[in-house]
Amino acid sequence: MAIQLKVPSIACSGCADTITKAIKNHESTANVQIDVEQKIVIVETKASEDSIKQVIASAGHTVE
Ligand SMILES: [Cu+2]
């Protein structure tokens, strides 16, 4: 299932790397795509949307 999330706190590719690593750390098989300009995270995952939101929040970012 692909989950699309708006993460307004993404400012640069460093933020995208942090979020990608955090998600992959949580679920190594997840496929993460991040559009830095649009501040959108797309995750292909078996995990729930809530758990992905929590992972992003614990990486220090705010999910809209
Ligand atoms: Cu950044």
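Bear in mind that the values here come from a model prediction, so they are computed numbers and not experimental data. (Residues numbered from 1 in each chain as written. Predicted model: local features only at pLDDT ≥ 70, side-chain atom pairs only at ≥ 80, totals over all residues. Heavy atoms only, no water.)

### Details of the coordination of the copper ion
Link 1 in the chain: Only Cys12 (SG) and Cys15 (SG) from the protein coordinate the copper ion, and they sit 2.0 to 2.1 Å from it.
Link 2 in the chain: Overall, cysteine 12 belongs to the partly exposed group, its relative accessible area being 38%. (Donors = N, O, S within 2.8 Å, 3.2 Å for Na, K, Ca; no water. Buried < 20%, exposed > 50% of the residue type's maximum accessible area, 1.4 Å probe, protein only.)

### Some words on helix H2 (residues 49-58)
Link 1 in the chain: Every buried residue of H2 is accounted for by Ser51, Ile52, Val55 and Ile56. Down the axis, H2 shows its buried residues gathered within 140 degrees of arc, on one side only. Exposed and oriented more than 90 degrees from the buried face of H2 are Asp50, Gln54 and Ser58.
Link 2 in the chain: Taken together, the buried residues of H2 touch strand S1 (2-6), helix H1 (13-26) and strand S3 (40-44).
Link 3 in the chain: The first or second residue beyond H2 is glycine 60, which carries a positive phi of 95 degrees. (Helix = DSSP H or I, 4+ residues; strand = E, 2+ residues; numbered from the N terminus. Arc of directions from axis to C-beta. Contact = heavy atoms within 4.5 Å.)

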